[in-house]
Amino acid sequence: MKNLRIAAFGGFRSIPPKAGGAGADKFAFELYPRIARRGHRILAYCRIYPGDTTQKNCDFEGVQLKYFKTVSKAGFDSFFHSCMATFDIIIHNRADVIHLQSGANSIWSVFLRLAGKRVIVSQFAMDWKRDKWPWYGKLFYRISNYLTAYLPNKVVFDNIFTQEYFEKKFKRKYSFIPYGSEVPAISKNSDALKRFNLTAGNYFLFVGRFIPDKGLHLLIEAFENLKTDKKLVLVGGDPNPGSYESAIRNTKDERIIFTGYMYGDDTNTLIKNAFAYVQPSLIEGLSPVILTVMALGTPLICSDIRENLFITGENAFHFKSGNVKDLMAVLDFTLKNYEALQQKALAGKTDVQLRFNWESVSDQYIELFKK
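Because the structure is a prediction, the values reported are computed rather than measured. (Residues numbered from 1 in each chain as written. Predicted model: local features only at pLDDT ≥ 70, side-chain atom pairs only at ≥ 80, totals over all residues. Heavy atoms only, no water.)

### Focus on the overall build of the chain
So, step 1. A tally of helices and strands in the chain yields 14 helices and 14 strands.
So, step 2. In summary, the chain has a C-alpha radius of gyration of 20 Å against a globular reference of 21 Å for 371 residues, a match within 12%.
So, step 3. Taken along its principal axes, the extent of the C-alpha atoms in the chain is 60 × 45 × 40 Å.
So, step 4. Counting the 371 residues in the chain, one finds 55% classified as buried.
So, step 5. Of all intrachain contacts in the chain linking residues separated by at least 6 positions in sequence, the fraction that spans at least 24 positions is 68%.
So, step 6. Surface exposure of the chain reaches about 16100 Å², of which carbon and sulfur atoms provide 54%.
So, step 7. Computing the positive centroid from 50 side-chain charges and the negative centroid from 36, the chain places the two 6 Å apart. (Helix = DSSP H or I, 4+ residues; strand = E, 2+ residues; numbered from the N terminus. Rg over C-alpha atoms; globule rule 2.2 N^0.38 Å. Buried < 20%, exposed > 50% of the residue type's maximum accessible area, 1.4 Å probe, protein only. Contact = heavy atoms within 4.5 Å. Areas by Shrake-Rupley, 256 points an atom, 1.4 Å probe, with all protein chains shown as cover. Lys, Arg positive; Asp, Glu negative; His and termini not counted. Charge placed at Lys NZ, Arg CZ, Asp CG, Glu CD.)

Structure representation (structure tokens):
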């Protein structure tokens, strides 16, 4: 088999993920080293933000990392970085196959294809619906949908609902490849519980960006009205802090703990030992954190949006998306029905390990890159 020369840029910021990283960073972290281990050459373009001097060009588990500086403003950071990556690939002939994360980067397919490159775009959630974007950001994403539909050689979706939307709208067929769910063995060296004065089973947990479409404001309001001695642990933040995060952190409830950004064993230790993980999303793609939670056998409470239901089936407790009272009722019910919570968690662990596998995901991407 001929080894491929692949370059990747777009949704992810760095490998391994750093502060501000999200699902795209997790995706790159899991996928690209596996592709490298199969003998292919892969170059990943990472970002350096103002004030950050720690990154340097290097390798990570066989993946060559190349860093370019970008701006700090949300949305524009990815645009400027992707522009630099595009022309670096073309000028220096870095690769033959280009993997773009997020349809917002489909505009670069024009230049890459004119340079004779094969372009594959991974389109995640319906980004144009996210409340974090101003009107011009949503407009750009809607225009990008048309570019995504027609310009790349191949388009792949991580959830069947966004795929269905594109196929109906553009009357074309696209590929579907999900995320994987495997979680490496958790090191016993993590002091995450001790650091935040937590005990196993005595807290609800959320991990992610503090942005409106994650529904964190709903979770905080519901929890503030919940009668329990358990705590609510919120891991993460907004890479571009604004009024939403300020409002989130303004809670007066002393049971709510903000840890800041955490990754790897620390995050997985918190997930593994939580009473339940809560995902109050208003919008999602195929959520990597839900897959991680279920793979670790942790009970799950999540909104009933289609993307979440696709992963969980009946193996989680669901509430009506956007409904604080329903979320509070489900939280209260789980406090009184621990055995039912555990039964769903055990069934969910078995289910996701069968349906979502990173080795299979990697093989499918390689086949797509080769076609």
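Let us keep going from here.
### What to know about the nonpolar core
So, step 1. If you look at the biggest cluster of nonpolar residues, it comprises 87 residues, and the most contacted ones within it are Tyr32, Phe204, Leu205 and Ile301.
So, step 2. At seven residues, the largest contribution of residues to this core is made by helix 1 (residues 23–37).
So, step 3. Phe68, Ile89, Trp108 and Val121 belong to the second-largest nonpolar core, a separate cluster that totals 14 residues. (Core = buried A, V, L, I, M, F, W, Y, C linked by side-chain atoms within 4.5 Å.)

### Focus: the packing of aromatic side chains
So, step 1. Scanning the entire structure with this criterion turns up 30 aromatic pairs.
So, step 2. Residues phenylalanine 79 and tryptophan 108 carry aromatic rings whose centres are separated by 5.3 Å and whose planes lie at 50° to one another, so their mutual orientation is tilted. Pair noted here: phenylalanine 79 is in helix 2 (residues 76–92) and tryptophan 108 is in the loop between strand 5 (97–101) and helix 3 (109–114), with a separation of 29 residues, a long-range link.
So, step 3. Given a relative accessible area of 5%, tryptophan 108 falls into the buried group.
So, step 4. Residues phenylalanine 157 and tyrosine 174 carry aromatic rings whose centres are separated by 5.6 Å and whose planes lie at 70° to one another, so their mutual orientation is edge-to-face. One end of the pair, phenylalanine 157, is in strand 7 (residues 154–157); the other, tyrosine 174, is in the loop between helix 5 (160–170) and strand 8 (175–176), with 17 residues separating them in the sequence. Here phenylalanine 157 matches tyrosine 174 in class, with each residue buried. (Phe/Tyr/Trp six-rings, centres within 6.5 Å; stacked < 30°, edge-to-face > 60°.)

### Concerning the sheet that holds strand 7
So, step 1. Ordered by their spatial adjacency, eight strands build an open sheet running 3-4-2-1-5-6-7-8, and the pairing between neighbours is mixed. The open sheet has two free edges, formed respectively by strand 3 (58–60) and strand 8, since each of these has just one partner strand.
So, step 2. Alignment of strand 2 (residues 41–48) against strand 4 (residues 63–69), held across six bridges, turns out to be parallel. Pairing of isoleucine 48 across the sheet is with lysine 69, part of strand 4.
So, step 3. The sheet strands contacting helix 1 are strand 1 (5–9), strand 2, strand 3, strand 4, strand 5 and strand 6 (118–123), and the helix crosses strand 5 at an angle near 160°. (Pairing = 2+ DSSP bridges. Axes fitted to C-alpha atoms, helices over the stretch in contact; angles between N-to-C directions.)

### Brief notes about the pattern of salt bridges
So, step 1. Counted by the stated rule, this structure contains 19 salt bridges.
So, step 2. In this structure, glutamate 30 engages arginine 34 in a salt bridge whose closest nitrogen and oxygen atoms are separated by 2.7 Å. Of this pair, glutamate 30 and arginine 34 both sit in helix 1, four residues apart, which is roughly one turn of that helix. The exposure classification of glutamate 30 matches that of arginine 34, with both residues buried.
So, step 3. Of the charged contacts, one joins aspartate 266 and arginine 195 as a salt bridge, the two residues approaching to 3.1 Å between their closest N and O atoms. Highlighted residues: aspartate 266 in helix 9 (residues 264–273) and arginine 195 in helix 6 (residues 192–195), separated in sequence by 71 residues.
So, step 4. Here arginine 195 falls in the partly exposed class, since its relative accessible area comes to 42%.
So, step 5. Ionic contacts of the salt-bridge type, sharing partners, join the residues Lys26, Glu30, Arg34, Arg38, Glu359 and Asp363 into one network. (Salt bridge = Lys/Arg side-chain N within 4 Å of Asp/Glu carboxyl O.)

### Concerning the pairing of strand 9 (residues 203–209)
So, step 1. Most of strand 9 is tucked away: six of the seven residues are buried.
So, step 2. Of the strand pairs in this sheet, strand 9 and strand 10 (residues 231–237) are connected by seven bridges, and their pairing is parallel. Within strand 10, the residue paired with phenylalanine 206 across the bridge is leucine 234.
So, step 3. A crossover links strand 9 with its parallel partner strand 10, the connecting element being helix 7 (residues 216–224), and its sense is right-handed.
So, step 4. Here strand 9 runs beside strand 12 (residues 276–279); their pairing, made up of two bridges, is parallel. Pairing of phenylalanine 204 across the sheet is with alanine 276, part of strand 12. (Right-handed = clockwise from strand over helix to strand, strands pointing away.)

### Side note on the side chain of serine 362
So, step 1. Looking at where serine 362 falls in the secondary structure, it is placed in helix 14 (residues 358–370).
So, step 2. Among the residues examined, serine 362 registers a relative accessible area of 0% and is labelled buried.

### Points about unusual backbone geometry
So, step 1. Of note, the amide linkage connecting isoleucine 15 to proline 16 takes the cis form, showing an omega dihedral of -5°.
So, step 2. Relative to the helices and strands, proline 16 resides in the loop between strand 1 and helix 1.
So, step 3. The backbone phi angle of serine 102 is positive, close to 85°, even though this residue is not glycine.
So, step 4. Look at lysine 171: it is not a glycine, yet its phi comes out positive at around 55°.
So, step 5. In this structure, lysine 171 sits in the loop between helix 5 and strand 8.

### Things to note about the environment of phenylalanine 9
So, step 1. Relative to the assigned elements, phenylalanine 9 resides in strand 1.
So, step 2. In this structure the C-alpha to C-alpha distance between phenylalanine 9 and valine 289, which are 280 residues apart in sequence, comes to 21 Å.
So, step 3. With residues up to four places along the chain from it excluded, the contact list for phenylalanine 9 reads Tyr45, Ser82, Ala85, Thr86, Ile89, Ile98, His99, Leu100, Gln101, Asn105, Trp108 and Leu112.

### A short note on a nonpolar patch on the surface
So, step 1. A cluster of nonpolar side chains, Val71, Phe76, Phe79, Phe80, Met84, Trp135, Tyr136, Leu139 and Ile143, forms an exposed patch at the surface whose accessible area comes to about 850 Å².
So, step 2. Elements with a minimum of two residues in the nonpolar patch: helix 2 and helix 4 (135–150).
So, step 3. Along the chain, tyrosine 136 turns up in helix 4. (Patch = residues over 30% accessible without salt bridge, like charges linked within 9 Å, V, L, I, M, F, W, Y side chains within 5 Å.)

All quantities given are derived from atomic positions and should not be read as evidence of function.
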